[in-house]
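# Breakdown of the fold
Each chain, letter by letter, is given below.
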Amino acid sequence: MTAKKPFGLPSMKLVMLAAVAGVIAGAAAVYVKEAGYGNGIGETASADQCGSARDRAAALTPFTKGQVAAMSVPPAPISLQGVSFKGAEGQPLSIGSFAGKTVLLNVWATWCVPCREEMPALNALEKSAGSDKFEVVAVNIDTGDDEKTKAFRTEYAIDKLGYYRDNTMGVFNVLKKQGLAFGLPVTLLIDDKGCLLSAMNGPAAWDSEDAKNLVKAAAGI
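Here is a short report on the structure shown in this document. As the structure is a computational prediction, the values presented were derived from the model and not from experiment.

Time to look at unusual backbone geometry. Cis geometry marks the peptide bond from L184 to P185, where omega comes out at -5°. Tracing the chain through its elements places P185 in the loop between α6 (170–177) and β6 (186–190). Of note, A157 is a non-glycine position whose phi angle comes to about 55°, a positive value. Mapping A157 onto the fold places it in the loop between α5 (147–155) and β5 (164–165). On the basis of relative accessibility, which here comes to 49%, the residue A157 falls in the partly exposed class. Its identity as a non-glycine residue notwithstanding, M169 has a phi of 65°, on the positive side. Tracing the chain through its elements places M169 in the loop between β5 and α6.

Mapped onto the elements of the fold, V103 is located in strand β3 (residues 102–108). We classify V103 as buried; its relative accessible area is 1%. Each C-alpha atom of the pair V103 and A218 lies 9.3 Å from the other, and the pair is 115 residues apart in sequence. Apart from residues lying up to four places away in sequence, V103 is in contact with I95, F98, F134, E135, V137, L188, L189 and I190.

Thresholds, definitions, all that
Residues numbered from 1 in each chain as written. Predicted model: local features only at pLDDT ≥ 70, side-chain atom pairs only at ≥ 80, totals over all residues. Heavy atoms only, no water. Helix = DSSP H or I, 4+ residues; strand = E, 2+ residues; numbered from the N terminus. Buried < 20%, exposed > 50% of the residue type's maximum accessible area, 1.4 Å probe, protein only. Contact = heavy atoms within 4.5 Å.

Quick look at the structure:
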């Protein structure tokens, strides 16, 4: 079971894993410097934007247990509609592109060991729960070209997740700036209006019944 942590505070285990991953990657930086990449993230949302998100997040509390106990509700409503990345054909996308769907946004990299370990579970979650109401959106932030990312997906049979990339690491940087990301992986549950419901730093068993129950409750499926 993953111990519940205050929102935004990584566990010591996560910090250690992140540090090791950074060394293995040649200090590729799980922790990256602030930079502007044209990505966007909403500040504290207005009542019109995310007015119902707080109540919806609170209703999910009974489901944040067991394998997903580390999922925590933000202290204030946050709109993530402007968080941007690219699709399989290089087309610009954002969380706003998924309006009408509840999204489990996962930010990962091939050089991040816990990311690699949880990716098959995310693939399994998408296979079992993916629909017109829910999608796992796993955004890879490896710098450079697509070679390593595509090779990893082939090797690990990641065949149900859409292909989403941000080789500028802008997604991670804006989440870090907002106090939502401290290392990789980071996973955020976002409602169908682009408003944050809950988030966690570190890996989880996303193919577990706990995870499935959480996303089904969030998406109403």
